Amino acid sequence: QVQLVESGGGLVQPGGSLRLSCTASSGTLDYYSVGWFRQAPGKAREVVSCISASAAIVNYVESVKGRWTITRASDAKTVYLNMKYLRPEDTAVYFCATDPGLTCTADNIYYRRTQFASWGQGTQVTISS
């Protein structure tokens, strides 16, 4: 299983931007679909975006469509989540993960955790004035 490390979180004002990075500290990410997830206090963890192994397919949940972009770096070790027009409701801990239970198609983004999941430790994103 690949080891993942997230970075790039922080405190920004509403309307601001952040770029989160998900880096494989061991192995590479080019064989996996990768998902970005978030968990707000008192809420369940939810998938917000995904990118297929080839990067040909990306998808987003409705609440972030048009504001955020997921991309892969050419080094095959990093996936980015570029977040613009941030809102207070985007405040959460953000995680990246690989898992065969991640469905990432043009029409659907869905996650069911399996025993083969690899997760990072998370990075805090706080949107506040």
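Above this note sits the structure.
Definitions and cut-offs
- Residues numbered from 1 in each chain as written.
- Predicted model: local features only at pLDDT ≥ 70, side-chain atom pairs only at ≥ 80, totals over all residues.
- Heavy atoms only, no water.
- Helix = DSSP H or I, 4+ residues; strand = E, 2+ residues; numbered from the N terminus.
- Rg over C-alpha atoms; globule rule 2.2 N^0.38 Å.
- Buried < 20%, exposed > 50% of the residue type's maximum accessible area, 1.4 Å probe, protein only.
- Contact = heavy atoms within 4.5 Å.
- Disulfide = S-S within 2.5 Å.
- Salt bridge = Lys/Arg side-chain N within 4 Å of Asp/Glu carboxyl O.
- Pairing = 2+ DSSP bridges.
- Axes fitted to C-alpha atoms, helices over the stretch in contact; angles between N-to-C directions.
- Polar contact = N/O pair within 3.5 Å; in protein donor to acceptor, adjacent residues only side chain to side chain.

1. Description of the overall build of the protein
Here comes step 1: Across its full length, the protein holds 0 helices and 13 strands.
Here comes step 2: Ordered by position from the N terminus, the helices and strands of the protein form the series β-β-β-β-β-β-β-β-β-β-β-β-β.
Here comes step 3: For the protein, whose C-alpha radius of gyration is 13 Å, the value lies close to the compact-globule estimate of 14 Å for 129 residues.
Here comes step 4: Counting only C-alpha atoms, the protein reaches 40 × 30 × 30 Å along its principal axes.
Here comes step 5: Per-residue burial over the protein gives 45% buried out of 129 residues.
Here comes step 6: Counting contacts in the protein only where the partners sit at least 6 residues apart, residues at least 24 apart contribute 59% of the total.

2. Brief notes about the state of the cysteines
Here comes step 1: Counted under the stated rule, the structure contains 2 disulfides.
Here comes step 2: Residue C22 pairs covalently with C96 via a disulfide, S to S 2.1 Å. Its S-S torsion of about 80 degrees marks the bond between C22 and C96 as right-handed, since a negative value means left-handed. Of this pair, C22 sits in strand β3 (residues 18-26) while C96 is found in strand β9 (residues 92-98), placing the two residues 74 residues apart along the sequence. You'll find C22 and C96 in the same group, each marked buried.
Here comes step 3: The disulfide that involves C50 links it to C104, with 2.2 Å between the sulfurs. Between C50 and C104 the disulfide shows an S-S torsion of about 90 degrees. By sign, it is right-handed. Taken together, the residues C50 in strand β5 (residues 46-51) and C104 in strand β10 (residues 102-104) connect sequence positions 54 residues apart.

3. Describing the pattern of salt bridges
Here comes step 1: On inspection of all chains with the given rule, the structure shows 4 salt bridges.
Here comes step 2: Close ionic contact of R38 with E46 constitutes a salt bridge, the shortest N to O distance being 2.8 Å.
Here comes step 3: For R38, a relative accessible area of 7% puts it in the buried group.
Here comes step 4: One network of salt bridges, with partners in common, ties together R38, E46, R67 and D90.

4. Details of the environment of G16
Here comes step 1: Here G16 lies in the loop between β2 (10-12) and β3.
Here comes step 2: Considering only alpha carbons, one finds G16 and S33, 17 residues apart in sequence, at a separation of 28 Å.
Here comes step 3: If near-sequence neighbours (up to four positions away) are discounted, G16 is found in contact with M83, K84, Y85 and L86.

5. Points about the sheet that holds strand β8 (residues 78-83)
Here comes step 1: Across the sheet, 4 strands lie side by side as β1-β3-β8-β7; this open sheet has antiparallel pairing. Each edge of the open sheet carries a strand with a single partner, namely β1 (3-7) and β7 (68-72). Across the sheet, the mean angle separating the axes of adjacent strands is 15 degrees when strand polarity is ignored.

6. Focus: the environment of Y60
Here comes step 1: Here Y60 lies in strand β6 (residues 58-60).
Here comes step 2: Those residues in contact with Y60, other than ones at most four positions away along the chain, are V48, S49, K65, W68, T69, I70 and I109.
Here comes step 3: Separated by 2.9 Å, the side chain of Y60 and the backbone nitrogen of I70 make a polar contact.

Any link to function would need more than the numbers given here.
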